[in-house]
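Structural overview
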Amino acid sequence: MARILMSGPDVTVLERTAVADAFDSGWIAPLGPAVDAFETAMAQRIGRRHAVALASGTSALHLGLLAWGVGPGDVVPTSTMTFAATANAISYTGATPYFVDSDPATGQMDPGLLAQVLEELAEEGVSVPAVVPVDLLGRSADHTRIVEIAHRAGAKVLVDSAESLGAHHAGLPAGKHGDAAIFSFNGNKIMTTSGGGMYLTDDEDAACRVRHLATQAREPAVHYEHRDIGFNYRLSNLLAAMGNAQLRRLDEMIARRRARREAYARIVEDVPGVEVFQRDGDEQDNCWLTALVVDPEVAGVDAASLSAALTEAGIESRPLWKPMHLQPVFAGIPAAVNGASERLFRTGLTLPSGSALTEAECETIDLTLRAALDRRAVSAPLTEAAT
Ligand SMILES: *Cc1c(COP(=O)(O)O)cnc(C)c1O
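Residues numbered from 1 in each chain as written. Predicted model: local features only at pLDDT ≥ 70, side-chain atom pairs only at ≥ 80, totals over all residues. Heavy atoms only, no water.

1. A word on the packing of helix 2 (residues 33–46) against helix 8 (residues 237–268)
- Two elements in contact, helix 2 and helix 8, have axes whose closest approach is 7 Å; the angle formed by their N-to-C orientations is 30°. The angle between helix 2 and helix 8 falls in the class roughly parallel. Taken as a pair, helix 2 and helix 8 cross one another with a handedness that is left-handed. When helix 2 is examined against helix 8, the residues P33, A34, V35, A37, F38, A41, M42 and R45 are found in contact with a partner set consisting of N237, A240, A241, G243, N244, L247, L250 and D251. (Axes fitted to C-alpha atoms, helices over the stretch in contact; angles between N-to-C directions. Helix = DSSP H or I, 4+ residues; strand = E, 2+ residues; numbered from the N terminus. Parallel < 35°, antiparallel > 145°, perpendicular 65-115°, else oblique. Left-handed = near helix turned anticlockwise from the far one by under 90°. Contact = heavy atoms within 4.5 Å.)

Quick look at the structure:
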């Protein structure tokens, strides 16, 4: 039996037709009308003045920072609870990341801790041109506070919304917060272009700069003229065609992920010590990935043994992101740590959440998870009696 994936691509005849139509139109590479349409549709949906389609979320982060002149000698605070791409992109510019720990309840960057970090860096006279908060697992971070704190310190905010397309915070869609934001259309994200990303902003100069740097920094001259080191980071027209089709299905795909979260919530409802992560206020969430948080002392089972039971049944699951300040590659990078992300890493388990999961797959997952949780009652009779 095929392995049940956490978040596989959800594609239909609509995407297939869109890619074939782009192919037949002759706009094979690199840019073309599907790219323009994708940028327009995305800017409209998010309410941003400018959108630039790029080869990946990582390249969008990289150019978003370069467009603001971020470089060697700068420090860029970012969330420690994230995927490595966020910190990698900061490193590409020559700047140094500064990892900021999480609010224990939400897992998102702790705004109070960010304020402390910015104060200390200001006292030391360190240049902090930008902050890169991350929207964790499809939920927006507290941008109301983060943006205010960053702006007060004179830093711009580039939001890593790679995971949160379709989420909301304070009445605004993910991608609309901060001075600029990025999305990822990697194969495991809420919608995919097979691989791709987008940069969004209301700042025309920054958008032009990103577009310029992404197209080999070619100056407008018939001969090839260059004043900057450029990059080959644009999204191909064929892949943008797929993005247009996915965007039409986005709300339906989010609804399916939400239904999966509801199913998990029902399964753990009466299990002490096991909760759906970020359950509070999750109507604001795109439900990209649903994670459980398992308190082993109360539950009588830990995240690792639940994960082992799922693996045995051919079901993919994974701990929450290993915090960046624990990653060997970022040893020695400064971090403000409060223990929250390390605890989430130990106790969190992300479950299959994709919108392409079949009914049969969902049934297998639910039965396996229920059985693993039922066994816990036998192994932890004392805890059970106590509750
Ligand atoms: C996926 C992801 C990225 C990278 O996006 P790619 O399109 O794969 O380059 C960056 N940040 C976060 C938080 C992500 O989850």
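2. Side note on the sheet that holds strand 3 (residues 96–100)
- A sheet is described by the order of its strands in space; here three strands give the open sequence 2-3-13, paired in parallel fashion. The strands lining the two open edges of the sheet, one partner per strand, are strand 2 (75–79) and strand 13 (335–336).
- Pairing of strand 3 with strand 13, which is carried by two bridges, proceeds in the parallel orientation. Counterpart to V100 in the pairing with strand 13 is A336.
- Seen against the sheet, helix 4 (residues 84–92) touches strand 2 and strand 3 and runs at an angle of roughly 150° to strand 3.
- Together, strand 2, strand 3 and strand 13 form the strand contacts of helix 5 (residues 111–123), whose direction differs from that of strand 3 by roughly 140°. (Pairing = 2+ DSSP bridges.)

3. Some thoughts on the UniProt feature "modified residue: N6-(pyridoxal phosphate)lysine" (unreviewed entry) in the chain
- Here, the residues flagged by UniProt with the feature "modified residue: N6-(pyridoxal phosphate)lysine" (unreviewed entry) are K189.
- Mapped onto the fold, K189 is located in the loop between strand 8 (180–184) and strand 9 (197–201).
- Sequence-distant contacts of K189, defined by excluding residues within four places in its chain, comprise S7, A162, E163, S184, R257 and W288. (UniProt positions renumbered as here; feature names shortened; annotations may be inferred.)

4. A closer look at the site of the ligand
- Lining the immediate environment of the ligand, one finds 15 residues, of which T58, D160, E163, S184 and K189 sit closest.
- Within the side chain of T58, a nitrogen or oxygen atom sits 2.4 Å from an oxygen atom of the ligand.
- S184 places a polar side-chain atom, nitrogen or oxygen, 2.7 Å from an oxygen atom of the ligand.
- In the complex, the protein chains occlude 93% of the 380 Å² of accessible area that the ligand would expose alone.
- Secondary-structure elements contributing two or more residues to the shell around the ligand are helix 3 (57–67) and helix 4. (Near = heavy atom within 4 Å. Polar contact = N/O pair within 3.5 Å; in protein donor to acceptor, adjacent residues only side chain to side chain. Areas by Shrake-Rupley, 256 points an atom, 1.4 Å probe, with all protein chains shown as cover.)

5. Considerations on the pattern of salt bridges
- For the structure on display, the rule yields 18 salt bridges.
- Its salt-bridge partner being R249, residue E252 comes within 3.3 Å of it at the nearest N-O pair. With E252 and R249 both in helix 8 and three residues apart, this pair spans about one turn of that helix.
- R318 is the partner of E316 in a salt bridge, and the nearest nitrogen-oxygen pair spans 2.6 Å. (Salt bridge = Lys/Arg side-chain N within 4 Å of Asp/Glu carboxyl O.)

6. What to know about the confidence of the model for the chain
- Confidence along the chain averages 95 in pLDDT terms, with 97% of residues attaining 70 or more.
- Counting interchain partners and residues more than four positions distant, the pLDDT-below-50 stretch residues 381–387 has six contacts. (pLDDT = per-residue confidence, 0-100.)

7. Concerning the sheet that holds strand 4 (residues 130–131)
- In spatial order, the strands read 1-9-8-5-4; together these five strands make up an open sheet with mixed pairing. In the strand order of this sheet, the two ends are held by strand 1 (50–54) and strand 4, each with one partner.
- Sitting on the sheet, helix 3 is in contact with strand 1, strand 4, strand 5 (156–160), strand 8 and strand 9, with an inclination near 165° to strand 8.
- Packing of helix 7 (residues 204–214) onto the sheet brings it into contact with strand 1 and strand 9, and relative to strand 1 it is tilted by some 15°.

8. Considerations on a negative patch on the surface
- On the surface, E119, E120, E123 and E124 cluster together into a patch of negative charge.
- Tracing the backbone through its elements, the reader meets E123 in helix 5. (Patch = residues over 30% accessible without salt bridge, like charges linked within 9 Å, V, L, I, M, F, W, Y side chains within 5 Å. Lys, Arg positive; Asp, Glu negative; His and termini not counted. Charge placed at Lys NZ, Arg CZ, Asp CG, Glu CD.)

9. Examining the packing of helix 1 (residues 13–25) against helix 8
- Packing of helix 1 against helix 8 brings their axes to within 8 Å, and their N-to-C directions diverge by 150°. Looking at the two axes, helix 1 sits roughly antiparallel to helix 8. Note on packing geometry: the crossing formed by helix 1 with helix 8 is right-handed. Every residue of helix 8 that contacts helix 1 at L14, E15, A18, V19, A22 and F23 is listed here: N237, L238, A241, M242, A245, Q246, R248 and R249.
- Here the contact of helix 1 with helix 8 is built from residues that sort into nine nonpolar, two polar and three charged. (Nonpolar A, V, L, I, M, F, W, Y, C, P; charged D, E, K, R; others polar.)

10. Describing the environment of A155
- Looking at the secondary structure, you find A155 in the loop between helix 6 (143–152) and strand 5.
- For the pair formed by A155 and V132, sequence separation is 23 residues and the distance between their alpha carbons is 9.9 Å.
- Setting aside chain neighbours within four positions, we find A155 in contact with V128, P129, A130, V131 and A150.

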